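Descriptive analysis of the structure
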Amino acid sequence: MQRVQQTVVFVSRTQNHAFAGKTSKLWISLALWRTYSPNTNYGLISNLHKAPILDLQWSLASQVLYTVSADHTLSVTDLTTGQRVRKLHAHRGIINSLDRTLAGGAGVELVVTGADDGTIRVWEGGDEGPKHPVSVYELGCPITSVCWSADGSSIYAGALDNEIHVCLPGQSQCPSY
């Protein structure tokens, strides 16, 4: 039997789906299609990563798609051209999760990633930006999920310690609950 790794995301505001999948015989590919009639498959993007894509998010501010992978990278793909415009070697372990938010009134998009290396990292989003994270939080155990609060003021993270951690910008520690 062939094992398949897949991630599917639906975006209701644009009525689009994205599917990322890999089998043992195929490289990673990302399929994009419209949900409602005429149900058009409008994109197939290959070779974004060298290992399975584990999470993906549409940008809130531009026509890019963020993907994270078991190859330790965060990629930014321009959806108008289908080309990868930015690739960051974001962690020292498998990246399990990502989320994005618009920061305050400045309109800067921030992306948060969580990985098996026990760190949560915050990146400046978009197709241009620094190669180094804006913030790094060390939790000491693998991170399984990350999510921005609705107002973008804090990061919630799930980890293998079975606790929910809350990270606040400007603080070095993430209390757990």
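See the structure shown above.
Described below are features of the structure shown in this document. These figures come from a predicted structure and were not determined experimentally. (Residues numbered from 1 in each chain as written. Predicted model: local features only at pLDDT ≥ 70, side-chain atom pairs only at ≥ 80, totals over all residues. Heavy atoms only, no water.)

1. Thoughts on the overall build of the chain
What counts here: Helix numbering and strand numbering both begin at the N terminus, where a helix is a DSSP run of H or I of at least 4 residues and a strand a DSSP run of E of at least 2. For each residue, the accessible area found with a 1.4 Å probe, counting protein chains only, is set against the maximum for its type, and the residue is called buried under 20%, exposed over 50%, and partly exposed in between. The contact criterion used is simple: two residues touch if any of their non-hydrogen atoms lie within 4.5 Å. Exposure was quantified through the Shrake-Rupley algorithm and a 1.4 Å probe, taking into account, for residues, occlusion by the shown protein chains and nothing else.
Along the backbone of the chain there are zero helices and 15 strands. Expressed as a percentage of the 177 residues in the chain, the buried residues total 47%. Partitioning the contacts of the chain with sequence separation of at least 6, the portion at a separation of at least 24 is 33%. Approximately 9200 Å² of the chain is accessible, and the part contributed by carbon and sulfur atoms is 51%.

2. Topic: unusual backbone geometry
In this structure, H72 is a non-glycine residue whose phi angle is positive, near 75°. By the element assignment, H72 lies in the loop between strand 6 (64-69) and strand 7 (73-78). Residue H72 is classed as partly exposed on the basis of its relative accessible area of 28%. The phi torsion at N162 lies on the positive side, around 60°, for a residue other than glycine.

3. Concerning the sheet that holds strand 14 (residues 155-159)
Inclusion rule: Each pair of strands is called paired provided DSSP finds at least two bridges between the two strands. Angular values range over 0 to 180 degrees, each being the angle between N-to-C directions of two axes fitted as lines to C-alpha atoms, with helices fitted over their stretch in contact.
Taken together, three strands build an open sheet; the order of strands is 13-14-15 and the sheet is antiparallel. Each edge of the open sheet carries a strand with a single partner, namely strand 13 (143-148) and strand 15 (164-167). Ignoring strand direction, the axes of neighbouring strands in this sheet form an average angle of 25°. When strand 13 meets strand 14, the two strands line up antiparallel, connected through five bridges. Its bridge partner being in strand 14, V146 is matched across the sheet by A157.

4. Quick notes on the pattern of salt bridges
Any two side chains of opposite charge can pair, on the condition that their charged atoms come close. Stated formally: Within this document, salt bridges are pairs made up of a side-chain nitrogen of Lys or Arg and a carboxyl oxygen of Asp or Glu, the two lying within 4 Å of each other.
Taken as a whole, this structure holds one salt bridge when the rule is applied. Measuring nitrogen to oxygen at the nearest pair gives 3.6 Å for the salt bridge that ties D99 to R100. When sorted by exposure, D99 lands in the same class as R100, which is buried.

5. Some remarks on the pairing of strand 7
Burial analysis of strand 7 places six of its six residues in the buried class, which makes it a mostly covered element. With burial as the criterion, each face of strand 7 is covered, one bearing T73, S75 and T77 and the other bearing L74, V76 and D78. A loop of three residues connects strand 6 with strand 7, the two strands running antiparallel in sequence, and H72 in this loop sits at a positive phi of about 75°. As paired strands, strand 7 and strand 8 (residues 83-89) are joined by six bridges and run antiparallel to one another. The partner of T73 across the bridge, within strand 8, is H89.

6. Some words on the environment of R121
The line we're drawing: Here a polar contact is recorded for every N or O atom pair within 3.5 Å, except that within protein the pair must consist of a potential hydrogen donor and a potential acceptor, and residues adjacent in sequence are included only if both atoms are side-chain atoms.
Relative to the elements of secondary structure, R121 occurs in strand 11 (residues 119-124). A sequence separation of 25 residues divides R121 from V146, and the C-alpha atoms of the two residues are 9.9 Å apart. In terms of polar contacts, R121 uses its side chain to reach the side chain of T119, at 3.1 Å.

7. Notes on the state of the cysteines
Let me state the cut-off plainly: Put simply, a disulfide is two cysteine sulfurs that come within 2.5 Å.
Applying the stated rule across the entire model yields one disulfide. The disulfide partner of C167 is C174, and the gap between their sulfur atoms is 2.1 Å. With the S-S bond torsion at 115°, the cross-link from C167 to C174 turns out right-handed.

8. Describing the sheet that holds strand 12 (residues 135-138)
Sheet architecture is open: four strands sit in the order 9-10-11-12, paired in antiparallel fashion. Strand pairing shows two members of the sheet lacking a second neighbour, strand 9 (95-103) and strand 12, which therefore form its edges. Direction aside, neighbouring strands of the sheet carry axes that sit 15° apart on average. Of the pairings in the sheet, the one linking strand 9 to strand 10 (residues 108-115) comprises eight bridges and is antiparallel in character. When the sheet's bridge partners are listed, T101 is paired in strand 10 with L110.

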